Amino acid sequence: MNDRTWDRLSGLVVGAALGVLAGILLAPSAGSETRGSIKKKTQDSLDQIQKNVRDIRESLTQKGQALFKKSVTEIPLDDNEDPHEDQGA
């Protein structure tokens, strides 16, 4: 198939999907129930995404704090050596 055929086919699929969606959303009585269902599912999805973002943020914060504590406790602090002193001289 050439690019022109793919363009037409994809346009047909997108157009059909938009037509079905518009038909569902604009149907007289059953449509209002459908719109309510879509609204509820959308809100549920948004709530789940927000929860996932909070969980990821909390996990990353905990891992960052653990890494910071590890790096602070593992840095050798020797007051007798000057870090700018040449080792070869």
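Structure's up top.
Residues numbered from 1 in each chain as written. Predicted model: local features only at pLDDT ≥ 70, side-chain atom pairs only at ≥ 80, totals over all residues. Heavy atoms only, no water.

1. A word on the overall build of the chain
Put simply, the rule is: Secondary structure is summarised from DSSP: a helix means a run of H or I of at least four residues, a strand means a run of E of at least two, and numbering begins at the N terminus for each. The accessible surface values rely on the Shrake-Rupley method and a 1.4 Å probe; as for residues, cover is taken only from the protein chains in view.
The helix and strand tally for the chain stands at two helices and zero strands. Element-wise, carbon and sulfur atoms account for 60% of the exposed surface of the chain, whose accessible area totals about 8400 Å².

2. Considering the pattern of salt bridges
The cut-off we apply is this: Here, a salt bridge means any side-chain nitrogen of Lys or Arg that lies within 4 Å of a carboxyl oxygen of Asp or Glu. Per-residue accessibility, obtained with a 1.4 Å probe over protein chains only, is compared with the maximum for each type, and a residue is labelled buried under 20%, exposed over 50%, and partly exposed between these values.
Counted under the stated rule, the structure contains two salt bridges. The salt bridge partner of Asp44 is Lys40, with a shortest N-O separation of 3.0 Å. With Asp44 and Lys40 both in helix H2 (residues 29-74) and four residues apart, the pair spans about one turn of that helix. The exposure class assigned to Asp44 is partly exposed, which follows from its relative accessible area of 38%.

3. Quick word on a nonpolar patch on the surface
Using the following cut-off: Within this analysis, patches are made of residues with over 30% relative accessible area and no salt bridge. Like charges are joined at 9 Å or less; nonpolar side chains (Val, Leu, Ile, Met, Phe, Trp, Tyr) at 5 Å or less.
On the surface, Leu9, Leu12 and Val13 cluster together into a nonpolar patch covering about 280 Å² of accessible area. By relative accessible area, Val13 is classed as exposed at 51%.

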